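What follows is each chain in one-letter form.
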Amino acid sequence: MIALPVVDSHAPPVRVMALHALAYCPRLFYLEEVEEIRVADAAVFAGRELHAALAADEDGESVSLELRSDALGLVGKVDCVRRRDGSYLPYEHKRGQPRRDEPPGADSPGSPQAWPSDRLQVIAYAALLEEAFGQPVPEGRVHYHAAHVTVRVPFDDQARADLAAALAEARRLRESVERPPIAENERLCARCSLAPVCLPEEVRQDRQPEHDPVRLFPPDRDGATLHVVSPGAHVGCSGDSLVVRPREGPESKHPLRGVEAVLLHGFAQLSTQALRRCTEHGVSVHWLTTGGWHTASLVPTAGQVQRRVRQYRALTDEATCLRLARALVLAKVEGQHRYLLRATRGDGREAVAPHLAAMQEALRGAAAAADRDSLRGHEGTAAVHYFEGLRSLLGRQVPDELRFATRNRRPPLDRFNALLSYGYGLLHTAVLRAVLAAGLEPALGFYHTPRSAAYPLVLDLMELFRLPLWDLVVVGSLNRGQWDPAADFAVTRAKVWLSEAGRKKAIGLFEARLQESWKHPVLKYSLSYARTIELEARLLEKEWTGEPGLFARSRLR
Ligand code: SF4
């Protein structure tokens, strides 16, 4: 019998469930154990329910035994331990079917076997039991409930060698900052809870354009965004719900399981208890000024060291920054150019023609720019002409008070610019949420330089979304006469900003736009704009994790 290797006692033990993930897919192990990304999907919840039911049912048997071995560097909780023929055996319960390999030439499935990940898991429990009870454990057993079949897994020399190799690989991966590649077997991904984070189908489609991707990225957000806008409103909690009490009017209740983020505008208050409940439920909290600008965030995060190490490495490399910045500027300016073209298809082309030509020239310059400074120059030129062209898109029905002469900010000097700035503030927070959800460091970007309170990486990503998420919405709502120049704005000689009514209207329009669905022209599936922001943040990270080429590829059609 071969002996399992003893480890350095200072190394943190490997969880048996982590070995299960490792045997399923090394990348899954890395995302869960090293980057600490965990997503509980329907299958995970169903598995938990099965184990809870078993804990209640298994009368007279030893169930759910916690086992730990410092010598092996292994820890785990076995579903059930039974005594058979004088030996203790570990039992694992699984909801699904066992593996059945059809023998060559046979027309019926082969005998049931344990899946490799289940086999490794029960072997690890056998090793832990052997040490705990000080007597040999000849085998482990896996019961597959869907087939009412129990499979025996021998704890022999091969099993010991496989366990030792898996433990060594787990420890090697824990020390690495390199995320393993996506699984070769794409069927694994369809059942993987981390597919929305890992994005394996997007990579396969990029590598093989003929690949017909299975859509694994969710089409919309999991929960709502709770905006608290009324001055002096108070957010408390009652059980697992947030309760919003405005100074006037009725209170409203919002179950936390349906909330993804809380945005406190201006001087709204949030109790410490509510803040704590939010962190327990993974709900992020963001504070904004009355002008819509982000001031602070509380986002429950963990295990992001490796992701940030890779980001620092990539974004301190000038060539990488230039490549990403060029892709970003081309996407932004091409989008603006297409929008002006599309909006003047029937009428008004003459007025925008010189600006379209200048933007084309800027695009050629950006494509050939040798450094980021000259890229910024071409983008700046294009922006001047874009805003010149944008003026022509406002219909004759739009009152003079809502028109603008030039783009101005900090502070905005007219109503149009107040609208733009407020929406960009909301967009900043939406992009910040996506950047943090992807585990990226918002303060380290590749195009914008750290000059203001805004995060450079967030400003970078925002460039992809200013037009589709806000410019289009502002121009459309102005042309539809949705804005009241008096009631929706507060005007002084020094600046113009939105009144409370105007802010509520802008938030309503912005949130509605975030929920709108569109078909991604490269990945060829539909998703909401809110999810598109998160998708783009995750595709950006792929640029420096060995799967480049998908960032900033989408364009307005
Ligand atoms: S989605 Fe696929 S490649 Fe990604 S972790 Fe899961 S199984 Fe592995």
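Everything numeric in this text was worked out from a predicted model, so none of it was measured.

Draft legend 1. Highlighting the site of the ligand. Lining the immediate environment of the ligand, one finds Cys-25, Arg-27, Leu-28, Ile-182, Ala-183, Cys-189, Cys-192, Ala-195, Cys-198 and Pro-200. Those elements that provide at least two residues to the shell around the ligand are α2 (26-34) and α7 (195-198).

Draft legend 2. Layout of unusual backbone geometry. Of note, the phi angle at His-148 is positive, near 50°, even though the residue is not glycine. Mapping His-148 onto the fold places it in the loop between β5 (139-144) and β6 (149-154). Relative accessible area serves as the criterion here: at 68%, His-148 is assigned to the exposed category. For Leu-199, which is not glycine, the phi dihedral falls at a positive 55°. A relative accessible area of 0% means that Leu-199 is categorised as buried.

Draft legend 3. Up close: helix α13 (residues 372-391). The end-to-end C-alpha distance of α13 is 29 Å, a good match for the 28 Å that 20 residues give at a rise of 1.5 Å each. When we look at burial in α13, the residues that qualify are Arg-372, Leu-375, Glu-379, Ala-382, Ala-383, Tyr-386, Phe-387, Gly-389 and Leu-390. Buried residues of α13, viewed axially, fall in a sector of 150°; they line one side. Those residues of α13 that are exposed and angled more than 90 degrees off the buried face are Asp-373 and Val-384. Where α13 is buried, its residues contact α11 (318-343), α12 (349-368), α14 (415-437) and α16 (466-479). N-cap assignment for α13: the residue whose side-chain oxygen lies 3.2 Å from the backbone N of Asp-373 is Asp-371.

Draft legend 4. Representation of the pairing of strand β9 (residues 241-245). For β9, a buried count of 4 out of 5 residues is recorded, marking the element as mostly surrounded by other parts of the structure. Both strand β8 (residues 234-238) and β9 contribute to a ladder of 5 bridges, which runs antiparallel. Its bridge partner being in β9, Ser-238 is matched across the sheet by Ser-241. Joining the antiparallel neighbours β8 and β9 is a turn of 2 residues, in which Gly-239 adopts a positive phi near 60°. In the sheet, β9 pairs with strand β10 (residues 252-255) via 4 bridges, with the strands oriented antiparallel. Opposite Val-243, over in β10, you have Lys-253 as the bridge partner. Here β9 hands over to β10 after 6 residues, with Gly-249 in that stretch at a positive phi of 95°.

Draft legend 5. Inspection of the packing of aromatic side chains at higher detail. Tallying each qualifying case throughout the model produces 7 aromatic pairs. On the basis of an interplanar angle of 70° and a centroid distance of 6.1 Å, the ring pair of Trp-470 and Phe-510 is categorised as edge-to-face. Placement of the pair is Trp-470 in helix α16 and Phe-510 in helix α17 (residues 500-515), with a sequence separation of 40 residues. As far as burial versus exposure is concerned, Trp-470 and Phe-510 are alike and both buried. Sitting over the ring of Tyr-88, Arg-83 keeps its end group 4.6 Å from the ring centre. In this structure, Arg-160 is placed above the aromatic ring of Phe-155, and the distance from its NZ or CZ to the ring centre is 4.1 Å.

Draft legend 6. Local environment of the sheet that holds strand β13 (residues 284-288). Pairing in this open sheet of 4 strands is mixed, and the strands run β7-β11-β13-β14 from one edge to the other. Strand pairing shows two members of the sheet lacking a second neighbour, β7 (224-228) and β14 (294-298), which therefore form its edges. Sheet twist, expressed as the average angle between the axes of neighbouring strands with direction ignored, equals 20°. Summarising the sheet, β13 and β14 pair through 4 bridges and their orientation is antiparallel. Along β14, the bridge assignment pairs Trp-287 with Ala-296. Contacts from helix α9 (residues 272-280) reach β11 (259-265), β13 and β14, with the element oriented near 130° to β13. Where α14 meets the sheet, it contacts β7, β11, β13 and β14, and its direction lies at approximately 140° from that of β11.

About the thresholds
Residues numbered from 1 in each chain as written. Predicted model: local features only at pLDDT ≥ 70, side-chain atom pairs only at ≥ 80, totals over all residues. Heavy atoms only, no water. Near = heavy atom within 4 Å. Helix = DSSP H or I, 4+ residues; strand = E, 2+ residues; numbered from the N terminus. Buried < 20%, exposed > 50% of the residue type's maximum accessible area, 1.4 Å probe, protein only. Expected span 1.5 Å × (residues − 1). Arc of directions from axis to C-beta. Contact = heavy atoms within 4.5 Å. Polar contact = N/O pair within 3.5 Å; in protein donor to acceptor, adjacent residues only side chain to side chain. Pairing = 2+ DSSP bridges. Phe/Tyr/Trp six-rings, centres within 6.5 Å; stacked < 30°, edge-to-face > 60°. Lys NZ or Arg CZ within 6 Å of the ring centre and 35° of its normal. Axes fitted to C-alpha atoms, helices over the stretch in contact; angles between N-to-C directions.

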